[in-house]
Amino acid sequence: DAGITQSPRYKITETGRQVTLMCHQTWSHSYMFWYRQDLGHGLRLIYYSAAADITDKGEVSDGYVVSRSKTENFPLTLESATRSQTSVYFCASSESPPGAYGYTFGSGTRLTVV
Amino acid sequence: GEDVEQSLFLSVREGDSSVINCTYTDSSSTYLYWYKQEPGAGLQLLTYIFSNMDMKQDQRLTVLLNKKDKHLSLRIADTQTGDSAIYFCAEGDNQGGKLIFGQGTELSVKP
(Lines give C-alpha, C1' and ligand atoms only; values in the text may rest on other atoms or scores of the structure.)
Protein backbone atom coordinates (compact mmCIF):
# COMPACT_ATOMS: atom_id res chain seq x y z
CA ASP A 1 0.00 0.00 0.00
CA ALA A 2 1.22 3.47 -0.82
CA GLY A 3 1.83 5.77 2.10
CA ILE A 4 3.91 6.20 5.20
CA THR A 5 3.71 3.56 7.88
CA GLN A 6 5.06 3.49 11.39
CA SER A 7 5.55 0.47 13.60
CA PRO A 8 4.82 -0.47 16.23
CA ARG A 9 1.67 1.51 16.92
CA TYR A 10 2.14 1.13 20.68
CA LYS A 11 5.21 0.16 22.68
CA ILE A 12 5.95 -0.23 26.37
CA THR A 13 9.58 -0.60 27.34
CA GLU A 14 11.68 -0.47 30.47
CA THR A 15 14.13 2.23 31.44
CA GLY A 16 17.58 1.52 30.04
CA ARG A 17 16.46 -0.68 27.18
CA GLN A 18 17.19 0.06 23.56
CA VAL A 19 14.14 0.44 21.37
CA THR A 20 13.76 1.11 17.65
CA LEU A 21 10.79 2.76 16.00
CA MET A 22 10.31 2.03 12.33
CA CYS A 23 9.18 4.31 9.52
CA HIS A 24 8.64 3.31 5.90
CA GLN A 25 7.43 5.43 2.98
CA THR A 26 6.56 4.35 -0.53
CA TRP A 27 6.77 7.67 -2.42
CA SER A 28 10.55 7.88 -2.72
CA HIS A 29 10.39 11.24 -0.95
CA SER A 30 13.86 12.58 -0.38
CA TYR A 31 13.14 14.18 3.01
CA MET A 32 12.15 12.28 6.13
CA PHE A 33 11.61 13.54 9.67
CA TRP A 34 11.07 12.35 13.21
CA TYR A 35 9.04 14.42 15.67
CA ARG A 36 7.87 13.86 19.18
CA GLN A 37 4.62 15.30 20.47
CA ASP A 38 4.14 16.10 24.14
CA LEU A 39 1.46 18.09 25.92
CA GLY A 40 2.48 21.71 26.13
CA HIS A 41 5.31 21.34 23.63
CA GLY A 42 3.60 20.81 20.31
CA LEU A 43 5.79 19.02 17.76
CA ARG A 44 9.51 18.96 18.36
CA LEU A 45 11.94 17.86 15.67
CA ILE A 46 14.26 15.06 16.71
CA TYR A 47 16.12 14.26 13.49
CA TYR A 48 15.70 14.75 9.78
CA SER A 49 17.22 13.37 6.64
CA ALA A 50 17.58 15.06 3.27
CA ALA A 51 18.47 11.85 1.42
CA ALA A 52 19.85 8.37 2.01
CA ASP A 53 22.96 8.51 4.19
CA ILE A 54 22.39 12.19 5.04
CA THR A 55 20.96 12.93 8.48
CA ASP A 56 20.98 15.93 10.77
CA LYS A 57 19.96 16.75 14.31
CA GLY A 58 16.84 18.61 15.27
CA GLU A 59 16.15 20.49 18.47
CA VAL A 60 15.76 17.45 20.79
CA SER A 61 18.20 14.83 19.44
CA ASP A 62 19.96 13.83 22.68
CA GLY A 63 19.43 10.13 23.44
CA TYR A 64 18.28 9.30 19.91
CA VAL A 65 20.04 7.81 16.90
CA VAL A 66 18.85 7.53 13.31
CA SER A 67 20.05 5.89 10.14
CA ARG A 68 18.95 6.04 6.53
CA SER A 69 20.63 3.41 4.42
CA LYS A 70 17.65 3.25 2.05
CA THR A 71 15.49 6.14 0.84
CA GLU A 72 12.28 4.52 2.02
CA ASN A 73 13.28 3.68 5.61
CA PHE A 74 14.15 5.95 8.50
CA PRO A 75 14.36 4.08 11.81
CA LEU A 76 14.68 5.95 15.11
CA THR A 77 16.55 4.27 17.96
CA LEU A 78 16.44 5.20 21.62
CA GLU A 79 19.79 3.96 22.81
CA SER A 80 18.89 3.70 26.51
CA ALA A 81 15.28 4.65 27.09
CA THR A 82 14.40 7.10 29.86
CA ARG A 83 11.00 8.04 31.29
CA SER A 84 11.33 11.51 29.74
CA GLN A 85 11.21 9.82 26.34
CA THR A 86 7.64 8.69 26.96
CA SER A 87 5.85 10.42 24.11
CA VAL A 88 4.04 10.04 20.82
CA TYR A 89 6.49 9.82 17.93
CA PHE A 90 5.60 10.85 14.39
CA CYS A 91 7.49 10.18 11.23
CA ALA A 92 6.94 12.37 8.16
CA SER A 93 8.21 12.58 4.63
CA SER A 94 8.18 15.19 1.88
CA GLU A 95 9.49 16.12 -1.50
CA SER A 96 12.25 18.67 -1.60
CA PRO A 97 11.13 21.39 -1.18
CA PRO A 98 7.78 20.42 0.41
CA GLY A 99 5.78 22.59 -2.00
CA ALA A 100 2.00 22.47 -2.01
CA TYR A 101 1.88 18.98 -0.52
CA GLY A 102 3.81 19.82 2.65
CA TYR A 103 4.71 16.86 4.81
CA THR A 104 2.87 13.56 4.94
CA PHE A 105 2.71 12.12 8.44
CA GLY A 106 2.49 8.59 9.71
CA SER A 107 -0.11 7.58 12.30
CA GLY A 108 2.38 7.74 15.16
CA THR A 109 3.91 5.40 17.73
CA ARG A 110 2.87 5.84 21.33
CA LEU A 111 5.90 4.92 23.45
CA THR A 112 5.72 4.45 27.20
CA VAL A 113 8.93 4.01 29.19
CA VAL A 114 8.38 2.48 32.63
CA GLY B 1 15.31 32.34 14.42
CA GLU B 2 12.04 31.19 12.97
CA ASP B 3 9.09 30.82 15.26
CA VAL B 4 5.41 30.12 14.76
CA GLU B 5 2.90 31.00 17.45
CA GLN B 6 -0.72 30.02 17.99
CA SER B 7 -3.17 30.32 20.81
CA LEU B 8 -3.64 26.96 22.53
CA PHE B 9 -7.40 26.64 22.87
CA LEU B 10 -10.58 27.72 21.13
CA SER B 11 -14.13 26.75 22.03
CA VAL B 12 -17.12 27.41 19.77
CA ARG B 13 -20.75 26.35 19.43
CA GLU B 14 -21.82 24.05 16.63
CA GLY B 15 -22.90 26.11 13.63
CA ASP B 16 -20.74 29.11 14.53
CA SER B 17 -17.63 30.14 12.64
CA SER B 18 -14.21 29.34 14.08
CA VAL B 19 -11.16 31.48 13.49
CA ILE B 20 -7.75 30.09 14.37
CA ASN B 21 -4.86 32.53 14.26
CA CYS B 22 -1.15 32.10 13.72
CA THR B 23 1.84 34.41 13.54
CA TYR B 24 5.11 33.51 11.90
CA THR B 25 8.51 35.12 11.52
CA ASP B 26 10.09 33.97 8.26
CA SER B 27 9.01 36.38 5.53
CA SER B 28 10.72 34.23 2.89
CA SER B 29 8.36 31.28 3.37
CA THR B 30 6.93 30.20 0.04
CA TYR B 31 4.04 28.16 1.40
CA LEU B 32 2.11 28.28 4.64
CA TYR B 33 0.09 25.32 5.77
CA TRP B 34 -2.73 24.26 8.03
CA TYR B 35 -2.75 20.73 9.40
CA LYS B 36 -5.50 18.95 11.35
CA GLN B 37 -4.86 16.30 13.97
CA GLU B 38 -7.81 14.25 15.18
CA PRO B 39 -7.53 12.36 18.49
CA GLY B 40 -5.14 9.43 18.29
CA ALA B 41 -4.14 10.18 14.70
CA GLY B 42 -1.31 11.78 12.79
CA LEU B 43 -1.41 15.22 11.23
CA GLN B 44 -3.22 15.62 7.93
CA LEU B 45 -2.72 18.49 5.55
CA LEU B 46 -5.90 20.54 5.54
CA THR B 47 -4.95 23.33 3.18
CA TYR B 48 -2.09 25.57 2.18
CA ILE B 49 -1.63 29.06 0.81
CA PHE B 50 1.04 30.28 -1.53
CA SER B 51 2.87 33.30 -0.20
CA ASN B 52 1.82 35.60 -3.05
CA MET B 53 -1.87 35.07 -2.22
CA ASP B 54 -3.98 37.01 0.29
CA MET B 55 -6.85 34.56 0.54
CA LYS B 56 -7.75 31.03 -0.37
CA GLN B 57 -11.18 29.48 -0.05
CA ASP B 58 -11.90 25.77 -0.07
CA GLN B 59 -15.51 24.84 0.78
CA ARG B 60 -15.97 25.71 4.47
CA LEU B 61 -12.35 26.75 4.91
CA THR B 62 -10.98 30.24 4.31
CA VAL B 63 -7.31 31.03 4.75
CA LEU B 64 -6.23 34.65 5.08
CA LEU B 65 -2.62 35.75 4.82
CA ASN B 66 -1.37 39.17 5.91
CA LYS B 67 2.26 39.24 4.88
CA LYS B 68 2.89 42.68 6.30
CA ASP B 69 1.92 41.53 9.79
CA LYS B 70 3.09 37.91 9.22
CA HIS B 71 -0.34 36.72 10.28
CA LEU B 72 -2.16 33.66 9.02
CA SER B 73 -5.68 32.65 9.91
CA LEU B 74 -7.98 29.72 9.25
CA ARG B 75 -11.71 30.29 9.28
CA ILE B 76 -14.04 27.31 9.44
CA ALA B 77 -17.61 28.19 8.54
CA ASP B 78 -20.57 26.33 10.09
CA THR B 79 -18.30 24.47 12.51
CA GLN B 80 -19.36 20.90 13.24
CA THR B 81 -18.53 18.55 16.12
CA GLY B 82 -16.40 16.60 13.65
CA ASP B 83 -14.15 19.65 13.35
CA SER B 84 -13.02 19.17 16.95
CA ALA B 85 -9.27 18.57 16.65
CA ILE B 86 -5.90 20.21 17.05
CA TYR B 87 -4.96 22.57 14.23
CA PHE B 88 -1.34 23.34 13.43
CA CYS B 89 -0.04 26.09 11.23
CA ALA B 90 3.37 25.67 9.61
CA GLU B 91 5.71 27.70 7.48
CA GLY B 92 8.46 26.58 5.15
CA ASP B 93 11.82 27.76 6.45
CA ASN B 94 14.50 29.19 4.24
CA GLN B 95 16.67 26.07 4.36
CA GLY B 96 14.97 23.85 1.84
CA GLY B 97 12.98 21.01 3.32
CA LYS B 98 12.12 21.91 6.88
CA LEU B 99 8.76 23.20 8.03
CA ILE B 100 8.35 25.08 11.28
CA PHE B 101 5.18 24.17 13.20
CA GLY B 102 3.22 26.12 15.74
CA GLN B 103 2.20 24.50 19.02
CA GLY B 104 -1.27 23.73 17.79
CA THR B 105 -4.69 25.12 18.67
CA GLU B 106 -7.15 22.72 20.23
CA LEU B 107 -10.60 23.43 18.82
CA SER B 108 -13.53 22.24 20.90
CA VAL B 109 -16.96 22.32 19.27
CA LYS B 110 -19.90 22.15 21.66
CA PRO B 111 -23.34 21.00 20.49
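Here, every reference points to the structure presented above.
Residues numbered from 1 in each chain as written. Chains lettered and ligands numbered in written order. Predicted model: local features only at pLDDT ≥ 70, side-chain atom pairs only at ≥ 80, totals over all residues. Heavy atoms only, no water.

Brief notes about the sheet that holds strand β3 (residues 19-25) of chain A
All names here are of chain A.
- Spatially, β1-β3-β8-β7 is the arrangement adopted by the four strands of the open sheet, whose pairing is antiparallel. Only two strands of the sheet have a single neighbouring strand rather than two, namely β1 (4-7) and β7 (64-66). With strand direction ignored, the average angle separating the axes of adjacent strands in the sheet is 15 degrees.
- Two strands pair when backbone bridges link them, and β1 and β3 are joined in this way by four bridges, in the antiparallel orientation. Paired with Ser-7 across the bridge in β3 is Met-22. (Pairing = 2+ DSSP bridges. Helix = DSSP H or I, 4+ residues; strand = E, 2+ residues; numbered from the N terminus. Axes fitted to C-alpha atoms, helices over the stretch in contact; angles between N-to-C directions.)

Examining the environment of Gly-15 of chain B
- Position of Gly-15 of chain B among the secondary structure elements: in the loop between β2 (9-13) and β3 (18-24).
- Between the C-alpha atom of Gly-15 of chain B and that of Thr-79 of chain B, which follows or precedes it by 64 residues, the distance is 5.0 Å.

Considering the packing of aromatic side chains
- Counting across every chain of the model gives 17 aromatic pairs over all chains.
- Relative to Tyr-48 of chain A, the ring of Phe-33 of chain A has its centre 6.4 Å away and its plane inclined at 20 degrees; by these criteria the two rings are stacked. Here Phe-33 of chain A, found in strand β4 (residues 31-38), pairs with Tyr-48 of chain A, found in strand β5 (residues 42-51); they are 15 residues apart in sequence, far enough to count as distant.
- The class for Phe-33 of chain A is buried, based on a relative accessible area of 0%.
- Here Tyr-48 of chain A falls in the buried class, since its relative accessible area comes to 13%.
- Feature note: the residues Tyr-31, Phe-33, Tyr-35, Tyr-48, Tyr-103 and Phe-105 of chain A together with Tyr-31, Tyr-33, Tyr-35, Tyr-48, Phe-50 and Phe-101 of chain B constitute an aromatic cluster, connected by ring pairs.
- Cation over ring: Lys-56 of chain B sits above Tyr-48 of chain B, and NZ or CZ is 3.5 Å from the ring centre. (Phe/Tyr/Trp six-rings, centres within 6.5 Å; stacked < 30°, edge-to-face > 60°. Buried < 20%, exposed > 50% of the residue type's maximum accessible area, 1.4 Å probe, protein only. Lys NZ or Arg CZ within 6 Å of the ring centre and 35° of its normal.)

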